[in-house]
Amino acid sequence: EVWEFSSEKNRNRANGKTMKQFHATQKLIETIKRIITASSNEGDLRLDPFMGSGTTAFASKSLNRNFLGCDADLNYVNYANNILKKM
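Residues numbered from 1 in each chain as written. Predicted model: local features only at pLDDT ≥ 70, side-chain atom pairs only at ≥ 80, totals over all residues. Heavy atoms only, no water.

K.L.:
Lay out the overall build of the protein with the relevant residues and their values.
P.N.:
A tally of helices and strands in the protein yields 4 helices and 4 strands. Starting at the N terminus and walking to the C terminus, you meet the elements of the protein as α-β-β-α-β-α-β-α. Here the protein holds 87 residues, and the buried ones make up 30% of them. Sequence separation of at least 24 residues holds for 42% of the intrachain contacts in the protein that already meet a minimum separation of 6. (Helix = DSSP H or I, 4+ residues; strand = E, 2+ residues; numbered from the N terminus. Buried < 20%, exposed > 50% of the residue type's maximum accessible area, 1.4 Å probe, protein only. Contact = heavy atoms within 4.5 Å.)

K.L.:
Please give an account of the pairing of strand E4 (residues 66-69) that cites residues and values.
P.N.:
The pairing of strand E3 (residues 45-48) with E4 spans 4 bridges and is classified as parallel. Residue pairing across strands places aspartate 48 opposite glycine 69, the latter belonging to E4. The handedness of the E3 to E4 crossover, carried by helix H3 (residues 55-62), is right-handed. (Pairing = 2+ DSSP bridges. Right-handed = clockwise from strand over helix to strand, strands pointing away.)

K.L.:
So what's going on with unusual backbone geometry? Which residues, and what values?
P.N.:
One non-glycine residue, asparagine 64, lies in positive phi territory at about 60°. Tracing the chain through its elements places asparagine 64 in the loop between H3 and E4.

K.L.:
A description of the nonpolar core should follow, citing residues and the corresponding values.
P.N.:
In this structure, Met51, Ala57, Phe58, Ala80 and Leu84 together form the largest nonpolar core, which totals 5 residues. Here leucine 84 is in contact with Ala57, Phe58 and Lys61, once residues within four sequence places are set aside. (Core = buried A, V, L, I, M, F, W, Y, C linked by side-chain atoms within 4.5 Å.)

K.L.:
Explain the environment of phenylalanine 50 to me, and be specific about the residues and the numbers.
P.N.:
Inspection of the secondary structure assignment puts phenylalanine 50 in the loop between E3 and H3. On the accessibility criterion, phenylalanine 50 (69% relative accessible area) is exposed. Once residues within four sequence positions are removed from consideration, phenylalanine 50 is found in contact with Cys70 and Asp71.

K.L.:
Explain helix H2 (residues 29-39) to me, using residue names and the numbers behind them.
P.N.:
Every buried residue of H2 is listed here: Thr31, Ile32 and Ile36. Considered in projection along H2, the buried side chains sweep an arc of 130° and stay on one side of the axis. In the core, the buried residues of H2 are packed alongside E3 and H3. (Arc of directions from axis to C-beta.)

K.L.:
Before we move on, can you summarise the environment of threonine 55 with the specific residues and values?
P.N.:
Looking at the element boundaries, threonine 55 is found in helix H3. Linking threonine 55 and glutamine 26, residues 29 residues apart in sequence, is a C-alpha distance of 7.5 Å. Apart from the residues lying within four places of it in its own chain, the contact partners of threonine 55 are Gln26, Lys27, Leu28, Ile29 and Ile32.

Quick look at the structure:
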């Protein structure tokens, strides 16, 4: 089976130009949700040691998985925590 998704970078275009993202290698939440659904069950614990902007955390929370994440860049951790608090 082949999964086809466009990149997050290509989705965020305005007037033909690619918009700057918060994280340089941000992944599509649809892709991450598919991976999490295929590889875990509700209530399972997901670990993302390079959480970046937090896409895996958001997907995990929306799919009723527990989540642990960390990143060397405190800006990314704060960004993800702020969004998770609003969910």
